[in-house]
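Summary of the model geometry
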Amino acid sequence: MPHPKPRPIEAAQEACRREFGSPEIRAQAPGRVNLIGEHTDYNDGFVFPAAIDREVGVAMRRRTDRLVRLYSETYRRHDEFDLDAFARIPPGSDASTWGNYVRGVVRVLLDAGHPLLGFEAAISGNVPEGAGLSSSAAFEVAMLTALNALFDLGRSAKELALLGQRAENEFVGVACGIMDQLISALGRRDHALLIDCRSLETRPVPLRLKERGLAIAILDSGMRRGLVDSKFNARRAECEDAVRRLKQLLGRDAIRALRDVTPLEFNAVARELPDDIRARARHVISENERVIRGVEALEEGNLAVFGKLMNQSHQSLKNDFNVSIPQLDLLASLAQKAPGVLGARMTGAGFGGCTVNLVEVGSLATFRDTVLNAYRERSGREATLWVCEAADGASTLA
Ligand code: GLA
């Protein structure tokens, strides 16, 4: 997949000049690839994502009235609303649903007591949508980063991430966790971030990919997720159900989330749980362990162990959390058998999208050919591969 030129931030700036006039602020925020730790964030657990070199760029200028005027360079469409009277655009409506992300972040800023004025913004992005690479978090964080600078709101990157998550939870209606917004806001070049999703403590861990002769390759299955929002929310509800039951079975009131249940405790009472709930909880509890063990292995330079944990994560997401699809299973198993591949797994929410692969640089060309050809033959679809860089998080340019 060639990197589209110009960069989104430049495209947004150009569009802003053309549609509205010179921008006062430019901001960008990246998508992410999660290396390990899936569906653990909303269970107060651990995740280990990296920001990627695909991003959403925004160019913005103030108005003196209460009107918000928007232009999406990606969709080549305009949209506008009044700060004092706006609502969520209903799903399936003709109008732009990307506009909901802007309305959502404006709503949470107003609710948080920030006295905004109207503004004009052009937006452009190159994070593939519905691919599990957090295009929506990148959009929210880019918009919030720009508004924070334009109106001098004084919010930290972490606070902006939390506001983005709130916009998605309360306004857009997806009960996502904090991983995507946090890594988009705080990512660091050549690092992945170990995030404790309870305390929101983050620890950048160097990947040293070049030095290690490794690459992070993303394989896009070409399958776009369908009714992901309702399936996602359903998984979250199942995890909450598991917490209620485990708390009772273990008689331990201090259990607030699946994060608080040890593997030993879980094993002691697992057979008392309904099958589905047992499987969901088993995934989350074991995945948290894999994140911690994986980061330790990476820090010790034991990449083979890290890769094995990635493979196990895929199995667990497929069999226990039930969020994979046959095309992602095929891509992961083809990759896991290919020479020079340390680990492969689906990344993101699932139900479509991409796999993430840790591959020796010297094997990339054969990896590309063998996996893409076999995928075409066996699924009748085209996958695309690109090698991504671990990038910095959101930033502004005046
Ligand atoms: C989506 C959500 C995240 C996280 C992942 C699964 O990307 O937005 O909060 O739950 O799915 O790990």
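Along each chain, residue indices are assigned from 1 in the same order as the chain's sequence is written. Two thresholds apply to this predicted model, a pLDDT of at least 70 for residue-level local features and 80 or more for giving and counting side-chain atom pairs, whereas whole-chain, interface and lining totals are computed over all residues. Excluding hydrogens and water, the side-chain figures rest on all heavy atoms present in the structure.

Turning our eyes to something else, we now look at the overall build of the protein. Counting its regular elements, the protein contains twelve helices and twelve strands. Over its C-alpha atoms the protein spans a radius of gyration of 21 Å, differing by no more than 12% from the 21 Å that the globule rule assigns to 398 residues. A principal-axis box enclosing the C-alpha atoms of the protein has dimensions of 60 × 55 × 40 Å. For the protein, the proportion of its 398 residues judged to be buried stands at 59%. Carbon and sulfur atoms form 47% of the exposed surface of the protein, whose accessible area is close to 16300 Å². Considering the protein, the positive charge centre built from 52 side chains and the negative charge centre built from 53 side chains are found 2 Å apart. Secondary structure follows DSSP: runs of H or I at least 4 residues long count as helices, runs of E at least 2 residues long count as strands, and numbering of each begins at the N terminus. Restricting the calculation to C-alpha atoms gives the radius of gyration, and the globule rule supplies 2.2 Å times the number of residues raised to the power 0.38. Here the term buried applies to any residue with accessible area under 20% of the maximum for its type, exposed to any over 50%, and partly exposed to those in between, with areas from a 1.4 Å probe on protein chains only. Accessibility throughout is a Shrake-Rupley quantity obtained with a 1.4 Å probe, and a residue counts as covered only by protein chains that appear here. When charges are counted, Lys and Arg contribute as positive and Asp and Glu as negative, whereas His and the chain ends are disregarded. For the purpose of locating charges, the reference atoms are NZ of Lys, CZ of Arg, CG of Asp and CD of Glu.

Okay, helix 10 (residues 303-319) next. For helix 10, which comprises 17 residues, the first-to-last C-alpha distance of 25 Å matches the rise-based estimate of 24 Å (1.5 Å per residue) to within 8%. Residues of helix 10 that are buried: Leu 303, Phe 306, Gly 307, Leu 309, Met 310, Ser 313, His 314, Ser 316 and Leu 317. Every helix has an expected span of 1.5 Å times one less than the residues it contains.

We now examine the site of the ligand. In the vicinity of the ligand, the contacting residues are Arg 32, Glu 38, His 39, Asp 41, Tyr 42, Cys 176, Gly 177, Met 179, Asp 180, Phe 232 and Ala 349. Within 3.5 Å is the distance limit for a polar contact, defined as a pair of N or O atoms, with the added protein rule that one can donate a hydrogen and the other accept it, and that residues adjacent in sequence qualify only through two side-chain atoms. Interatomic distance of 2.5 Å between a side-chain N/O atom of Asp 41 and an oxygen atom of the ligand. The backbone of Gly 177 places a nitrogen or oxygen atom 2.9 Å from an oxygen atom of the ligand. Contact with the protein chains removes 93% of the 310 Å² of surface that the ligand exposes when unbound. A single heavy atom is enough: if one lies within 4 Å of a molecule or strand, its residue is considered near that molecule or strand.

A separate point is the pattern of salt bridges. We define a salt bridge as a side-chain nitrogen of Lys or Arg found within 4 Å of a carboxyl oxygen belonging to Asp or Glu. Going through the model one piece at a time under the given rule, you end up with 33 salt bridges. The closest approach of N and O atoms between Arg 224 and Asp 220, which form a salt bridge, is 2.9 Å. Classification of Arg 224 as partly exposed rests on a relative accessible area of 37%. Between Glu 238 and Arg 235 there is a salt bridge, with its nearest N and O atoms 3.3 Å apart.

To continue, consider the packing of aromatic side chains. Here a pair means two rings of Phe, Tyr or Trp (six-membered ring of Trp) with centres within 6.5 Å. Their orientation is stacked below 30 degrees between planes, edge-to-face above 60, and tilted elsewhere. The tally for this structure, following the rule as stated, stands at six aromatic pairs. An angle of 65° between the planes, with centres 6.1 Å apart, marks the rings of Phe 48 and Phe 306 as edge-to-face. Here Phe 306 lies in helix 10 and Phe 48 lies in strand 2 (residues 46-62), a separation of 258 residues in the sequence. By relative accessible area, Phe 48 is classed as buried at 0%. A relative accessible area of 2% means that Phe 306 is categorised as buried. On the numbers, 4.8 Å between centres and 50° between planes, the contact of Phe 81 with Phe 86 is tilted. Residue classification places Phe 86 among the buried residues on the basis of a relative accessible area of 13%. Here the aromatic cluster, defined as three or more aromatic residues joined through ring pairs, consists of Phe 81, Phe 86 and Phe 171.

By the secondary structure assignment, Arg 26 is in strand 1 (residues 25-36). Summary of buried charges: Arg 26 has no salt-bridge partner, and the nearest side chain of opposite charge, Glu 10, is 6.3 Å away. For Arg 26, the side chain forms a polar contact with the side chain of Gln 13, separated by 2.8 Å.

Moving on: the packing of helix 3 (residues 135-150) against helix 4 (residues 157-172). Orientation of helix 3 relative to helix 4, taken along the N-to-C sense of each, is 125°, at an axis distance of 9 Å. Accordingly, the angle class assigned to the pair helix 3 and helix 4 is oblique. In the crossing of helix 3 with helix 4, the sense of the turn from one axis to the other is right-handed. Contacts from Ser 136, Glu 140, Leu 144, Thr 145 and Asn 148 in helix 3 reach Leu 160, Leu 163, Gly 164 and Glu 168 in helix 4. Looking at the contact of helix 3 with helix 4, its residues break down into three nonpolar, four polar and two charged. Helix axes are fitted to C-alpha atoms over the stretch in contact, other axes to C-alpha atoms as well, and angles between N-to-C directions run from 0 to 180 degrees. Should an angle fall under 35 degrees it is called roughly parallel, over 145 degrees roughly antiparallel, and 65 to 115 degrees roughly perpendicular, with every other angle called oblique. Two helices that cross are described as forming a left-handed crossing if the nearer one is turned anticlockwise from the farther one by less than a right angle, and a right-handed crossing if clockwise. Residue contacts are defined here by distance: any two heavy atoms, one from each residue, within 4.5 Å place the two residues in contact. Residues are grouped as follows: nonpolar covers Ala, Val, Leu, Ile, Met, Phe, Trp, Tyr, Cys and Pro; charged covers Asp, Glu, Lys and Arg; every other residue, Gly included, is treated as polar.

Attention now moves to the sheet that holds strand 10 (residues 354-360). Whenever strands of a sheet pair, they do so through backbone hydrogen bonds, lying parallel or antiparallel. Taken in spatial order, the four strands line up as 9-10-8-11 in an open sheet, and their pairing is antiparallel. Two strands bound the open sheet, and with one partner strand each, they are strand 9 (341-347) and strand 11 (384-388). Mean inter-strand twist for the sheet, computed between neighbouring axes without regard to direction, equals 25°. The sheet contact formed by strand 8 (residues 214-220) and strand 11 spans five bridges and is antiparallel. Residue pairing for strand 11: Asp 220 is matched across the bridge by Thr 384. Packed on one face of the sheet, helix 10 meets strand 8, strand 9 and strand 10 and runs near 30° to strand 9. Against the sheet, helix 12 (residues 364-379) touches strand 8, strand 9, strand 10 and strand 11, its axis set at about 20° to strand 8. The criterion for strand pairing is that DSSP finds at least two bridges linking the strands in question.

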